[in-house]
Amino acid sequence: MINYNFGLEEEYFRKFVRAVVERYNGDGINDFDPNIRVKYWQASNEPLIEWFNRGGTVDGYVKFLRLLSKEVRSADSEAKIILGAEITDRNQKKLTKNTKAIISKLNGEKVFDIVDIHYWDAADKWKMEIASEMRSYLDKHGYTDVEIWSTEHGTYTNRPNDRHGRPLPFQSEKQQAVSLTKRYVYNLAHDVDKIFWNNLIEWSGMG
């Protein structure tokens, strides 16, 4: 188990990370499967939920990120580190104070290569307005070469409930398809480097 501000588990964590990366780095030594090569490692999927809401601090996350980056790169010099995702929805259009604090505290330290923004919103909200703020904030702190990805990205069909159990306004498959096209065309031209549509199978849900 990870101690969210680290302590006795630090050495165990180091050994665990190195062992996992060596198992999947594709170098032919102790590989689980020579056809599997994992080159991207994320420092917590959504820190707001998995870290900060469980008692973790910014200082603790920064230490975790530094340890992760060091051990991953020791086991695979070609590996890339992804900063845990910023989460957006219709109620949040600005970077959270935790994301800003992490980037500010590291201030150009080369411990991550990519930042992630999870973007869920209605079909007509296809512009990732937060991306420009992220780009500006990264550049300001010495991360001009860091890419911006959206590894969870989508909008819903039909009328599912939101994460609080409240029904969302109806959206058709046509609205979803139009939104998908606009999201890729616009956002890839405005500060976002890669977008991963969340599901490739039929799904009406959203968070």
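Every chain's residues receive numbers from 1 upward, in the order its sequence appears when written. Under the rules for a predicted model, residues below a pLDDT of 70 receive no local features and side-chain atom pairs below 80 are neither given nor counted, while totals for whole chains, interfaces and linings still include all residues. Hydrogens and water are ignored here; the side-chain numbers use all heavy atoms of the structure.

### Here we look at the overall build of the protein chain
What counts here: Strands here are runs of E lasting at least two residues and helices are runs of H or I lasting at least four, both read from the DSSP assignment and numbered beginning at the N terminus. Our radius of gyration looks at C-alpha atoms and nothing else; its globule reference is 2.2 Å times the residue count to the power 0.38. Think of it in three bands: residues with accessible area under 20% of the maximum for their type are buried, residues over 50% are exposed, and the middle band is partly exposed, with areas taken using a 1.4 Å probe on protein chains only. Contacts: residue pairs with any heavy atoms within 4.5 Å of one another.
Tallying secondary structure elements over the protein chain gives six helices and five strands in all. Its helices and strands in sequence order give the protein chain the pattern α-β-α-α-β-α-β-α-β-α-β, from N to C terminus. Relative to a compact globule of 207 residues, whose C-alpha radius of gyration would be 17 Å, the protein chain shows 18 Å and is just as compact. Within the protein chain, the proportion of its 207 residues that are buried is 45%. Look at the contacts in the protein chain between residues 6 or more apart in sequence, and 71% of them connect residues 24 or more apart.

### As for the packing of helix α4 (residues 97-106) against helix α5 (residues 130-140)
Note the cut-off: Helix axes use the C-alpha atoms of the stretch in contact, all axes being lines fitted to C-alpha atoms, and the angles between their N-to-C directions lie in the range 0 to 180 degrees. The labels follow the angle: roughly parallel below 35 degrees, roughly antiparallel above 145, roughly perpendicular from 65 to 115, and oblique for the rest. Two helices cross in a left-handed way if the nearer one is turned anticlockwise from the farther one by less than a right angle. They cross in a right-handed way if the turn is clockwise. Ten residues, namely Ala, Val, Leu, Ile, Met, Phe, Trp, Tyr, Cys and Pro, are considered nonpolar, four, namely Asp, Glu, Lys and Arg, are considered charged, and the remaining ones, Gly among them, are considered polar.
One way to put it is that α4 packs onto α5 with a least axis distance of 10 Å and a crossing angle of 25 degrees. Relative to α5, the element α4 is oriented roughly parallel. The hand of the α4/α5 crossing is right-handed. Along the contact surface, α4 presents T99, K100, I103 and S104, while α5 presents E133, M134, Y137 and L138. For the contact of α4 with α5, the per-class residue count stands at four nonpolar, two polar and two charged.

### As for α4
Rules: Note that the arc is computed from the directions linking the helix axis to the C-beta atoms.
Those residues of α4 that sit buried are N98, T99, I102, I103 and L106. Buried residues of α4, viewed axially, fall in a sector of 130 degrees; they line one side. Where α4 is buried, its residues meet α2 (47-50), α3 (58-75), β2 (80-88) and α5. Just beyond α4, the residue with positive phi is N107, at close to 45 degrees.

### Observations regarding the packing of aromatic side chains
We apply this condition: Aromatic rings from Phe, Tyr and Trp, taking only the six-membered ring of Trp, are treated as a pair when their centres fall within 6.5 Å; an angle between ring planes under 30 degrees marks them as stacked, one over 60 as edge-to-face, and anything in between as tilted.
Overall, the coordinates contain eleven aromatic pairs when judged by the stated rule. Summarising the aromatic geometry, the rings of W149 and F196 are spaced 5.6 Å apart at their centres and angled 50 degrees between planes, so their arrangement reads as tilted. With W149 in strand β4 (residues 147-154) and F196 in strand β5 (residues 194-197), the pair connects residues that are 47 residues apart, well separated along the chain. Given the relative accessible area of 6%, W149 is considered buried. For F196, a relative accessible area of 36% translates into the label partly exposed. Chaining the aromatic ring pairs together yields one cluster made of F13, W51, F52, Y61 and F64.

### A look at the sheet that holds strand β1 (residues 40-43)
This is how it is decided: One requirement defines pairing of two strands: DSSP has to find at least two bridges between them.
The parallel open sheet is built from five strands, whose spatial order is β1-β2-β3-β4-β5. The sheet is open, and its two edges are formed by β1 and β5, each paired on a single side. The average undirected angle you get between the axes of adjacent strands in this sheet is 30 degrees. As paired elements, β1 and β2 share four bridges and run parallel to each other. By the bridge assignment for β2, A43 is matched with L83.

### Side note on the nonpolar core
Rules: Among the buried residues, those of types Ala, Val, Leu, Ile, Met, Phe, Trp, Tyr and Cys that are joined through side-chain atoms within 4.5 Å form a nonpolar core.
Counting residues in hydrophobic clusters, the biggest one holds 39 residues, and the most contacted among them are Y61, L65, F112 and L138. When residues of this core are traced back to their parent elements, those giving at least two are α1 (10-24), β1, α3, β2, α4, β3 (114-120) and α5. The element best represented in this core is α3, accounting for nine residues.

### Notes on the packing of α3 against α4
A pair of packed helices is characterised by two quantities: the angle between their axes and the separation of those axes. Remark: α3 packs on α4, axes separated minimally by 10 Å, with the N-to-C direction vectors making an angle of 55 degrees. In terms of their interaxial angle, α3 and α4 are classed as oblique. Crossing geometry of α3 relative to α4 is assigned as right-handed. Only N98, A101, I102, K105 and L106 of α4 make contact with α3, whose side of the interface consists of V58, D59, Y61, V62, L65 and R66.

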